[in-house]
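Coordinate inspection notes
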Amino acid sequence: MPPHPPRDRQAPPPNTIISRRLLADSIGKFDIYAPLIAKKRKPGNFVMVRATERSERIPLTIVDADEDAGTITLIIQAVGKSTKYLLTLYAGDAIVDIVGPLGNPTPLVAGKSVVCVGGGVGTAELLPIARGLRENGNMVRTIIGGRTRELVILEEEMAGCSDEVYVTTDDGSYGRRGTVVDQLNDILASGTKVDAVYAIGPLPMMKAVANATRDTGLKTTVSMNALMVDGTGMCGGCRVNVGGAMKFACVDGPEFDGHEVDFDELIMRNRTYSDLEKFADCQS
Amino acid sequence: MNEQPKHSPDSTPPNQDGAAAQRRAAGVNPLKPSERMKIPRQHAVEQTARDRVRNFTEVSLGMTEELALREAERCLECRNPVCMEGCPVSVNILDFIRLILKKDYVGAVNKIRETNYLPSICGRVCPQESQCEAVCTMGKKHQPVSIGKLERFVADFEREAGLFIPPELPERRPETVAVVGSGPAGLTCAAELARKGYGVTVFDALHAAGGVLRYGIPEFRLPRDILDMETERIRALGVTIQTNFVVGRTATIDELFDEWGFRAVFLGTGAGTPNFLGIPGESLSGVYSANEFLTRVNLMKAYRFPAHDTPIRIGKQVAVIGGGNTAMDAVRTARRLGAEKAYLVYRRSRTEIPAREEEIEHASEEGIEFVLLTNPVEILGDGRGWVKGLKCQRMTLGAPDASGRRRPIPVEGSDMTLEVQTVIEAIGQKPNPIIQSTTPGLSTSDRGTVVVDEFQTTSREGVFAGGDLARGGATVILAMRDGKLAAESIHRYLNRNGAAPADRGNGQAAMTEPETAVNA
Ligand SMILES: Cc1cc2nc3c(=O)[nH]c(=O)nc-3n(C[C@H](O)[C@H](O)[C@H](O)COP(=O)(O)OP(=O)(O)OC[C@H]3O[C@@H](n4cnc5c(N)ncnc54)[C@H](O)[C@@H]3O)c2cc1C
Ligand code: SF4
Ligand code: FES
């Protein structure tokens, strides 16, 4: 036997789904047995997942972990072929490959007043950061939003680690009608003291947040969901232009200074395969 | 060229009398040196260029037994077999060729295996023309003996006949060693250590073992069933291969020692981080590093999209920048994915192209267009975020630079544009910094390579390194040589006086600068 950290004999095989719960029709929350990753992960880390032998490798943020139970929590929205497949899995099923934790932990300020902005399933990626910020003794205001009520997730969990939670929906079906950026602008305009902003969501949302804070110079951290193949720095597919320099989101990020990132370039390049992905999806 | 598969020996034996036949039957070469020199170099059977640009199956089908015997008869059986000096791991070439003459092909492959554990791979990917075949006596006046193809022949013969016998293993020792990276350096180190009785776990970041052999070198040069078989044989030595494990992230080197109980570590993590030219337009859709392009196709099987989910997008016209094996593999892969025009853009001339000679020949047979003495200056976009051209400048060669190759100098006013929709950059790789940045006391050079001495010892006690990680982009066989040498050093290290694990501080090892890149 190779040496191995002591392991519980009753433990399930690695990558087994321990529990699964739907947060919305197309969004699932999974606790997965991955003890080595659970032990090492920090807020901001992600894993690369290959759902089946034929699947792509996709990055998914580690939302939470339970070191004692040896589990990590992933929140998955069914958008492409892999994520749709993953949502068909149940407790007891196993995922073929999970590797991590990858990426740099988010640099968290301490003892300050911060605003966390989450859009759609980006809210899931924001949760561990908001929790970390709370643990660091910050005053945490959280804004979460979605297109419609059903896509607003984790409100309760966010409330558990935030001093204030604001909800927005584009169609006004829940919370404030409007975008998370409208809410952010109001907070900034109200003269409330804010020292830092953390934003995770679709690229256009993060771009709008960065633009909203650009003139104030308020430190704004965004998380780059670039296309990734390996997630370990060996393909360069995840490259982003940050302050004129080429950075790899998987090893230099995923978080960067929102005022330095060239969002438009990345938005364009992320479309490279959009039609092919739809094609793969309808072939299944 | 080569539209007909070649399969018969290129000339009949000049000496067919009875005595000669008898000697031949006894496995002794009956030919006089002058007769041997008259036999032309025999060629392996190949898929025609027309067929192979439409598939991903192997280009060279190897030698038949008849061809191999004929080729082996060309060997002069030199008293001073210089070929062995040309081999980085000193394979006993003369003895293995003699065993071929005796038709003892399994004996021949086992002779190779005494010093080279992966003959079916080396027979396919080693740059023989700059190693053993470069110095072969026969090559002085005629063409050198086709040593690589003979190596491949015996390895394939053994596999096809199912005659492989796993080596006997000594009694298991208590110590365990961690090998990081499952490329040729790591696999060789693991095999050597297992054959000495150590418990070995190989860790790899990816989901499949093999390193560049898996994600970089295409199937048309190295079929995956051969790679799978070689990794299976290493597992059969009792080696555990743990994929999906990024050392430095899933566990650090310190944790492998302190929590996992490994007594020594070999680092063979290669040089996997791609360089980019830094010219305008690199963020356009349609620009790839060769690593990304080849990983999508080889590791993720994008050429079988949509049966496999990973997509690849390729234009009708494709430019690959660079001249190494990586560039050659990328451009030939692009051709197979349907590119009508596939350009290889290289800033020096044909003679300086560092790729294997056979690959350069195969590429031109496949209709690859070599755009030589040309340097890209800008990737042009179509206004909607996609590539539409590659703006280049013509070069001329000046005085030799530090590497001994003539330095390319731009020709003023020579700008030209290639109309392409895909640009693939293959301009070299550097080591991935994850381990170096999470391992205190591990010395690195300014090129990002891990510094080792002539025993593959790093500055950290109990930590050894080799392959591209220490060399910064070299060859499969040099990686294997390092892995083997490191296994010897680890064996010595674990059996030094008392063998108690000393404090593994920042002990300084003697530093030497390793040999430099040939594959950029
Ligand atoms: C496309 C291409 C074609 C080539 N063609 C030839 C050829 O024809 N002939 C030839 O001789 N040479 C060729 N080369 C060069 C040759 O492949 C390399 O020199 C050789 O593979 C180096 O071997 P290695 O074991 O040092 O590293 P690699 O083969 O690079 O393997 C390193 C392994 O380590 C893993 N790894 C990296 N970081 C970590 C980590 N932190 N934790 C765990 N695992 C990690 C990687 O996933 C990888 O699997 C080619 C190279 C390329 C890219
Ligand atoms: S140098 Fe050439 S001819 Fe001489 S033994 Fe080696 S392979 Fe044979
Ligand atoms: S995903 Fe390949 S380098 Fe980042």
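All figures in this text were calculated on a predicted structure; none of them were measured in a lab. (Residues numbered from 1 in each chain as written. Chains lettered and ligands numbered in written order. Predicted model: local features only at pLDDT ≥ 70, side-chain atom pairs only at ≥ 80, totals over all residues. Heavy atoms only, no water.)

Some points on the overall build of chain A
Each helix and strand in chain A was counted, giving 9 helices and 16 strands. The C-alpha radius of gyration of chain A comes to 19 Å, within 12% of the 19 Å expected for a compact globule of 284 residues. Its C-alpha atoms give chain A principal-axis dimensions of roughly 60 × 40 × 40 Å. By the burial criterion, 52% of the 284 residues in chain A qualify as buried. Residue pairs at least 24 apart in sequence account for 65% of intrachain contacts in chain A once pairs closer than 6 positions are excluded. Only carbon and sulfur atoms are counted for the fraction: they give 49% of the accessible area of chain A, which is about 11800 Å². Between the centroid of the 31 positive side chains of chain A and the centroid of its 36 negative side chains there is a distance of 2 Å. (Helix = DSSP H or I, 4+ residues; strand = E, 2+ residues; numbered from the N terminus. Rg over C-alpha atoms; globule rule 2.2 N^0.38 Å. Buried < 20%, exposed > 50% of the residue type's maximum accessible area, 1.4 Å probe, protein only. Contact = heavy atoms within 4.5 Å. Areas by Shrake-Rupley, 256 points an atom, 1.4 Å probe, with all protein chains shown as cover. Lys, Arg positive; Asp, Glu negative; His and termini not counted. Charge placed at Lys NZ, Arg CZ, Asp CG, Glu CD.)

Some remarks on the interface of chain B and chain A
Taken together, the 47 residues of chain B in the interface contact 46 residues of chain A. Counting the surface chain B buries against chain A, the share from its top three residues, Arg249(B), Trp260(B) and Asp309(B), is 17%. Taken together, the links from chain B to chain A amount to 3 salt bridges. Residue Asp309(B) is joined to Lys81(A) by a salt bridge in which the shortest nitrogen-to-oxygen separation is 2.9 Å. Scanning the region where chain B abuts chain A turns up 16 residue pairs in polar contact (both at pLDDT 80 or more). (Buried area = accessible area lost by both parts, 1.4 Å probe. Salt bridge = Lys/Arg side-chain N within 4 Å of Asp/Glu carboxyl O. Polar contact = N/O pair within 3.5 Å; in protein donor to acceptor, adjacent residues only side chain to side chain.)

Notes on the pattern of salt bridges
When charged atoms on two side chains of opposite charge get close, those side chains can pair. All names here are of chain B. By the definition in use, this model includes 50 salt bridges over all chains. A salt bridge links Arg152 to Glu58; the shortest N-O distance between them is 3.2 Å. Of this pair, Arg152 sits in helix 11 (residues 147–161) while Glu58 sits in the loop between helix 3 (49–52) and strand 2 (60–62), and the two are 94 residues apart along the sequence. Here Arg235 and Glu232 are joined by a salt bridge, their closest N and O atoms 2.7 Å apart. Here Arg235 and its partner Glu232 are both found in helix 14 (residues 224–235), 3 residues apart, which amounts to about one turn of the helix. On the basis of relative accessible area, Glu232 is assigned to the partly exposed category, the value being 42%. Connected through shared salt-bridge partners, Arg52, Lys149, Arg221, Asp329, Arg332, Arg336, Arg356, Glu358, Glu359, Glu365 and Glu366 make up one network.

A few points about the domain arrangement of chain A
Residues and elements named next belong to chain A. Each domain of chain A was delimited in the assignment, giving domain 1 (17–102) and domain 2 (113–270). Here the C-alpha centre of domain 2 lies 21 Å away from the C-alpha centre of domain 1. Listed per partner, the contact involves 20 residues of domain 1 and 20 residues of domain 2. A combined buried area of about 1600 Å² lies between domain 1 and domain 2, and 65% of that area is made up of carbon and sulfur atoms. (Domains from an automatic or database assignment.)

Re the packing of aromatic side chains
Residue and element names in this part refer to chain B. A complete count under the given rule lists 13 aromatic pairs over all chains for this structure. Ring plane angle 20 degrees and centroid distance 4.3 Å describe the contact between Phe56 and Tyr303, whose orientation is recorded as stacked. One end of the pair, Phe56, is in the loop between helix 3 and strand 2; the other, Tyr303, is in the loop between helix 16 (290–299) and strand 9 (317–321), and 247 residues separate them in sequence. Judged by relative accessible area, which is 13%, Phe56 ranks as buried. For the ring pair Phe203 and Trp260, a centre distance of 5.8 Å and an interplane angle of 85 degrees mean the geometry is edge-to-face. Here the residue Phe203 occupies a position in strand 4 (residues 199–203), and Trp260 occupies one in the loop between helix 15 (253–258) and strand 6 (264–267), the gap between them amounting to 57 residues. Exposure remark for Phe203: the relative accessible area of 1% places this residue in the buried category. Trp260 gets classed as buried once you look at its relative accessible area, which sits at 5%. Among the aromatic side chains, those forming a connected cluster through ring pairs are Phe203, Phe245, Trp260 and Phe262. The ring of Phe220 has Arg336 sitting right over it, with the charged end atom 3.8 Å from the ring centre. (Phe/Tyr/Trp six-rings, centres within 6.5 Å; stacked < 30°, edge-to-face > 60°. Lys NZ or Arg CZ within 6 Å of the ring centre and 35° of its normal.)

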